[in-house]
Amino acid sequence: MIAPSPVPFAFGGAERVWLGLTHYYANETKHVCELVKVPARERNFREIVNGYRQFSWLDLTHFDLVISGKYPAWMVPHHNHVVYMLHRLRGLYDTWPADLDTALPGDALLAPLRRLLENPSTCRSQLSEVFGEIDRLLAADPPEHWLGLPAPLIRAVVRKLDSIGLSTDSIRRHVAISHNVRRRADYFPPDADVAVAYVPSDLALAVLKEGEAAPSDAIAGPDGAAPTFFTASRLDHAKRIALIIDAFRRVDAPARLVIAGDGPQLPELTRQAAGDGRIVFTGRLSERELARHYATALAVPFVPYDEDYGLITLEALAAGRPVVTVRDAGGVLEFVEDGVTGLVAEPDPGPLARAFETLLRDPAAALRMGAAGRERVRPITWRSLASELVIPARPHPRRRVVIANSYLLWPVDTGGKRRLWSLAREFARTADVTLVTLGRDDTPAETITFSPHCREVRIPISQAHIAAEWALTKLLDETSVSDISASLYGHLTPALAAELRDRLAGADLAIACHPYLYRFIREAWDGPVWYDAHNVETLLKDAMLPRTPAGRAALAEVAALERDCVRGAERILAVSEEERAVFHDMFGKPQERIVLVPNGTDLPDDPHLDAPRRVALKERLGVRGLLAVYAGSWHAPNVEGAVALVDIARRSPEWTFWFIGKMCVADELRALALPPNVSLLGVVDDAMLRTVFSAADVGVNPVTAGAGTNFKVIDYAAHGALVLTTPVGIRGLGMVDGEHVVVAERAHMPAALAAIAARGIDAHADIVANAFAHVRDRFTWAKILRDVVS
């Protein structure tokens, strides 16, 4: 079971429910049960949103069944999730002030988030985008009244998040604590079949121990004292204790009113009762003391407004004591029948006082109603509730997912491959994943098995394919076109179409990683296709291809191919909000079909090295002094950035520069006379890459062109390096100059490096820590992809 732990902590009805269920499952069944509680603050807009975000990230897949019952715990993703609805955040639902507007501000600053909030879709894949837009809004310093409580914005945000977390796609079974909760507007999805299951009393009051109390105590009170009305609850306005006090003070008869509990209204209630010695406040009572007071009371007044359920009602009736309540008490009225198990009055001091007087005149009637109440609640047991919530584990058959890509996955040595690998790995948690990839003519035709549920089928391209690709390369001024040639000449490699037909037979989903094999997928299969768009390929190729007739013809082919892929895909995974907008504006794809899936990383086990450990690691690597690292694939914007960084290195002799990745073999870079402080490491394995990142004082990103988001910035920050980047290098990442990174145009990078050296790396510790937290909270693959693949 999963539940929020209120901050500051208070032990209320919800806590009784979870502890009672946990005790029953652990001691009375064969189930193994654990109660997981996560602190949840809700004092302001940011805390409420962060609570929802925190629960949406929890991974409880090691349990067979998850039971939640209160916001925001139902945001936890699980294939066998049961919601036992206690209540939503009531101030944003059924107790929303009638005189308060619900319309969101029309300001343009809010437009991107408003579009998401007004989208009726309940798909979990929206979560990262919703949280991302909220973060961007908060970073823009919106008017403070937008973030008020209550206010239209928090109302819209919570309702959107609840609609996703509680949808019938996310929740397998919906159960309400009462018919009153079940009837409330907007509490459950319209297509949900909602059951009702009551919570029993946990005080074991039905059986009185000898010597503790006797039924006659209820008539004269214990030890001959005046008859007692006893109530116990949190002392706040919703419980309307003031109404009970007002009514009781009108009773002109020997009697006592004992009020147990504490809460914010205690001082006000104490002043209200002042001067009437019959009214006693006991404070918080132990379970044993509560049982004693219930057992010796004449009756239990309980008059909340529209109560969800009211465990006090169950406790009183289980003790054989009638309940005095009012007509708008909500769930209480499911057990209190006027004149049968208690008395029901109008919610006004006069009628309530007359109900008290009725019981004082006829205590025998109180005993009869109490006995009827005990029989009314006798069938309500932990066994009946627990049985309603435990459902057989739903078979979770593995889907079959086929991913097609125009280059090999293994080894995972570029940013694009890491994105592909992370997507396949996350899908393989619940699906059987096959990657069909194209290699060069010297690639063995083989299948690499990564796990029982993930494999790569590698297809070498044919000699005819190679020849056609080489001719195209020369026609396009030696521009790398292996991806474009896969689309144009893939038919010259017959094994590609044959393998896709075989693998897609009986599949549940196909994913085109880049658009270049989309047409081959469609020739083999007419099922659902996703497009994992690492870039807007049309814009990327426009920047890379020569401005010649052949180059323009190749660009037109890419644009037509991407258009077909975008329009035919059921879902597009876009790396940034900017590219999401391009897919909508350029190709007319509905926004709800484009999911924001930014590039991410896997956090290292030891991301932050203190200064002595970093120095020691650098010395082991043969570096003395300051180390700057630049990582990049053999991709034109990366190579062009590397060439520029060589000149920056010449002007920064106090730094050592290490270049890592396939860009190191580019002719443009190897043709340069490198200064002595520059080393080209080339491609290194993952362990070495992480070691270098951990040793680096600064991670540099000199890129000024390209599309998508930059893996390198995320990796630098995840490993505790200070990030020095161009403005383009942090597009789509939500990072801020001076807060998460140091931003400088290329021309100013030598000065920026000199300033960093002068101040010392430790002087930038706050920026490094902020960047790491930003990546940890927003850009880890597990968090990015969990809702996408579920």
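Report on the accompanying structure.

Rules and cut-offs
Residues numbered from 1 in each chain as written. Predicted model: local features only at pLDDT ≥ 70, side-chain atom pairs only at ≥ 80, totals over all residues. Heavy atoms only, no water. Axes fitted to C-alpha atoms, helices over the stretch in contact; angles between N-to-C directions. Helix = DSSP H or I, 4+ residues; strand = E, 2+ residues; numbered from the N terminus. Parallel < 35°, antiparallel > 145°, perpendicular 65-115°, else oblique. Contact = heavy atoms within 4.5 Å. Nonpolar A, V, L, I, M, F, W, Y, C, P; charged D, E, K, R; others polar. Salt bridge = Lys/Arg side-chain N within 4 Å of Asp/Glu carboxyl O. Buried < 20%, exposed > 50% of the residue type's maximum accessible area, 1.4 Å probe, protein only. Pairing = 2+ DSSP bridges.

**What to know about the packing of helix 8 (residues 241-249) against helix 9 (residues 266-273)**
At a closest axis distance of 10 Å, the pairing of helix 8 and helix 9 adopts a crossing angle of 5 degrees. Relative to helix 9, helix 8 is oriented roughly parallel. For the pair helix 8 and helix 9, contact is made by Ile241, Ala242, Ile245, Asp246 and Arg249 and by Leu269, Gln272 and Ala273, respectively. Taken together, the residues that form the contact of helix 8 with helix 9 break down as five nonpolar, one polar and two charged.

**Some points on the pattern of salt bridges**
All chains considered together, the criterion is met by 48 salt bridges. Arg458 serves as the salt-bridge partner of Glu456, at 3.3 Å between the closest nitrogen and oxygen. Accessibility assignment for this pair places Glu456 and Arg458 in one class, buried. The closest approach of N and O atoms between Asp564 and Arg519, which form a salt bridge, is 3.5 Å. Remark: Arg519 occurs in helix 19 (residues 518-524) and Asp564 occurs in helix 21 (residues 549-568); sequence separation between them is 45 residues. By relative accessible area, Asp564 is classed as partly exposed at 28%. Shared partners join several salt bridges into a network, and the residues in it are Arg90, Asp94, Arg184, Asp306 and Asp308.

**A word on the sheet that holds strand 8 (residues 256-260)**
Ordered in space as 7-8-9, the three strands form an open sheet in which the pairing is parallel. On the outer flanks of this sheet lie strand 7 (228-232) and strand 9 (279-283), each paired with one strand and no other. With direction set aside, neighbouring strand axes in the sheet form an average angle of 20 degrees. Of the strand pairs in this sheet, strand 8 and strand 9 are connected by four bridges, and their pairing is parallel. In the sheet register, Ala260 faces strand 9, and the bridge partner there is Gly283.

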